[in-house]
Amino acid sequence: MDNLNRMLEILNKNEDKVREEYRIPYCWNYMGTEFEKADIQGEILVNSRDYFKKAIENILNRKKTKTQEAMSCYSLMVRCFSAWDHGNGFEGGTFLKTIALLPLIKDMGFNCIYFLPVFELSNENKKGELSSPYSVKDIMNFDSNLHDSHLDGMSLREQFTALCEACHKLQMKVILDFAFRTASRDSVLCDTHPDWFYWVKNHSLLDFRAPECREIGHTPVNEKNVKQLYKSENMTEFANSFSFPPDMSVVNTLQREGVSFRQQCSDNLGISVMPGFADTINDPQPPWSDVTFLKYYYDNTENVKRKFGNDFPPMIAQDGIKCSVFPGEKPNTELWNYVRRVIPHYIE
């Protein structure tokens, strides 16, 4: 429990971060921190340092109990789970606040926490105020928004490790959600490996959408219906949206100071990383503006080759998304090896 104990030390040290009137829901105060009533029903005011210290000490002092054999998972998104207006406007969830609330989950009978992605996210191409949790910009780093200002001086890696320690102290397992098929359209990988992504012509982005096949309704793509999909009315138009990836040597000759690699590609070559979409045929969702797909095979699927030939630009339709069912013949070995390193990186 080294990182949990270090949290206590930092809470004591960071005097300037203490908030005397820290607003929380009354139900968060399960450990009995001293409080005053707030002006909103159901909320109370606590000393923030006293509250978090008491929460962590409560966890460290818990005794082991008999565990149930069946796994019962509580799924949560850290940035939303403990989000609240603590008196200075709305504040997102953090690792620290999640730790404080773990005993409430434990006491409901759960013995496993399933964390939705906690990685560094993109701030580009968002549909609303927040990024998709799957628009992962750098899967090897944590989302900086999950840092709690009470813990300045403690790294996000240490804070997340403390969260895992707290779960284990409460006899709860930890599951972390990895979505290796997708990344953000401005992923850090794109700057060094543009050929790991699918590119489309800029003019196609105005009405970019997945190919449809009205005859078969909303359904998963499979070996029986994929031929119908490739005969659909808008498949050719969709396919013609795609472009070969940029040649880095060409882009570098056009490089302008302060302009990103992707912006150079857009401005000078008229191409951009494609938006993603669902892997089912006729899915009602609009395209995913901030999420794209990684290219696990350099060659196109057999369905693409059969319809458009072997020299067609790299493209991906619903069958290509399900590369476990419709694999290519030329695996992107470097990408596969990169992905293999991710989970060990978080286990360490």
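Predicted model, so just to flag it, every value in this text is computed and none were measured.

Draft legend 1. Seen up close, the overall build of the protein. In terms of helices and strands, the protein carries 14 helices and 17 strands. Considered along the principal axes of its C-alpha atoms, the protein spans approximately 70 × 50 × 40 Å. Buried residues in the protein amount to 51% of all 348 residues. In the protein, the proportion of contacts linking residues at least 24 apart, taken out of those at least 6 apart, comes to 74%. Surface exposure of the protein reaches about 17700 Å², of which carbon and sulfur atoms provide 50%. Charged side chains in the protein number 40 positive and 48 negative. The centres of these two groups are separated by 5 Å.

Draft legend 2. Looking closely at the pattern of salt bridges. All chains considered together, the criterion is met by 15 salt bridges. Residue Asp152 pairs with Lys17 through a salt bridge whose shortest N-O separation is 3.0 Å. Of this pair, Asp152 sits in the loop between strand S9 (136–142) and helix H5 (156–169) while Lys17 sits in the loop between helix H1 (2–13) and strand S1 (22–25); the two residues are 135 residues apart in sequence, bridging distant segments of the chain. In this structure, Glu43 and Arg23 form a salt bridge, with 3.0 Å as the shortest nitrogen-oxygen distance. Here Glu43, found in strand S3 (residues 43–46), pairs with Arg23, found in strand S1; they are 20 residues apart in sequence, far enough to count as distant. For the pair Glu43 and Arg23, a shared accessibility class is recorded, and that class is buried. Through salt bridges with shared partners, one network takes in Asp299, Glu302, Lys305 and Glu329.

Draft legend 3. Spatial organisation of the sheet that holds S3. Spatial ordering of the open sheet is given by S1-S3-S2, a layout of three strands whose pairing is antiparallel. Looking at the sheet topology across the chains shown, the edges are occupied by S1 and strand S2 (36–37). Of the pairings in the sheet, the one linking S2 to S3 comprises two bridges and is antiparallel in character. Across the sheet, residue Lys37 finds its bridge partner in S3, namely Ile44.

Draft legend 4. Spotlight on the nonpolar core. Met7, Tyr51, Phe95, Ile99, Leu102, Val118 and Phe197 are the most contacted members of the largest nonpolar core, which has 68 residues in total. In terms of nonpolar packing, the next biggest core, distinct from the first, is built from 25 residues, Val200, Cys213, Met315 and Ile316 among them.

Draft legend 5. Spotlight on the environment of Asp50. Within the element layout of this structure, Asp50 appears in helix H2 (residues 48–60). Owing to a relative accessible area of 40%, Asp50 belongs among the partly exposed residues under this scheme. In sequence terms Asp50 and Tyr74 are 24 residues apart; their C-alpha atoms lie 27 Å from each other.

Draft legend 6. Focus on helix H4 (residues 95–106). Under the 1.5 Å per step criterion, the end-to-end length of H4 is 17 Å for 12 residues, consistent within 8% with the ideal 16 Å. In terms of residue burial, H4 counts as a mostly covered element, since 11 of its 12 residues are buried. Burial in H4 covers these residues: Phe95, Leu96, Lys97, Thr98, Ile99, Ala100, Leu101, Leu102, Pro103, Ile105 and Lys106.

Draft legend 7. Structural detail: the sheet that holds strand S4 (residues 73–76). Judged by pairing direction, the sheet is parallel, and its three strands sit side by side in the order S4-S7-S10 without closing on themselves. Either end of the sheet is taken by a strand with one partner, and the two such strands are S4 and strand S10 (173–176). Averaged over all adjacent pairs, the angle separating strand axes in this sheet is 20 degrees, with direction ignored. Direction of pairing for strand S7 (residues 112–115) relative to S10: parallel, over a ladder of four bridges. Following the sheet pairing, Cys112 is matched in S10 by Lys173. H5 contacts S7 and S10 of the sheet and is inclined by roughly 140 degrees relative to S10.

The rules we used
- Residues numbered from 1 in each chain as written.
- Predicted model: local features only at pLDDT ≥ 70, side-chain atom pairs only at ≥ 80, totals over all residues.
- Heavy atoms only, no water.
- Helix = DSSP H or I, 4+ residues; strand = E, 2+ residues; numbered from the N terminus.
- Buried < 20%, exposed > 50% of the residue type's maximum accessible area, 1.4 Å probe, protein only.
- Contact = heavy atoms within 4.5 Å.
- Areas by Shrake-Rupley, 256 points an atom, 1.4 Å probe, with all protein chains shown as cover.
- Lys, Arg positive; Asp, Glu negative; His and termini not counted.
- Charge placed at Lys NZ, Arg CZ, Asp CG, Glu CD.
- Salt bridge = Lys/Arg side-chain N within 4 Å of Asp/Glu carboxyl O.
- Pairing = 2+ DSSP bridges.
- Core = buried A, V, L, I, M, F, W, Y, C linked by side-chain atoms within 4.5 Å.
- Expected span 1.5 Å × (residues − 1).
- Axes fitted to C-alpha atoms, helices over the stretch in contact; angles between N-to-C directions.

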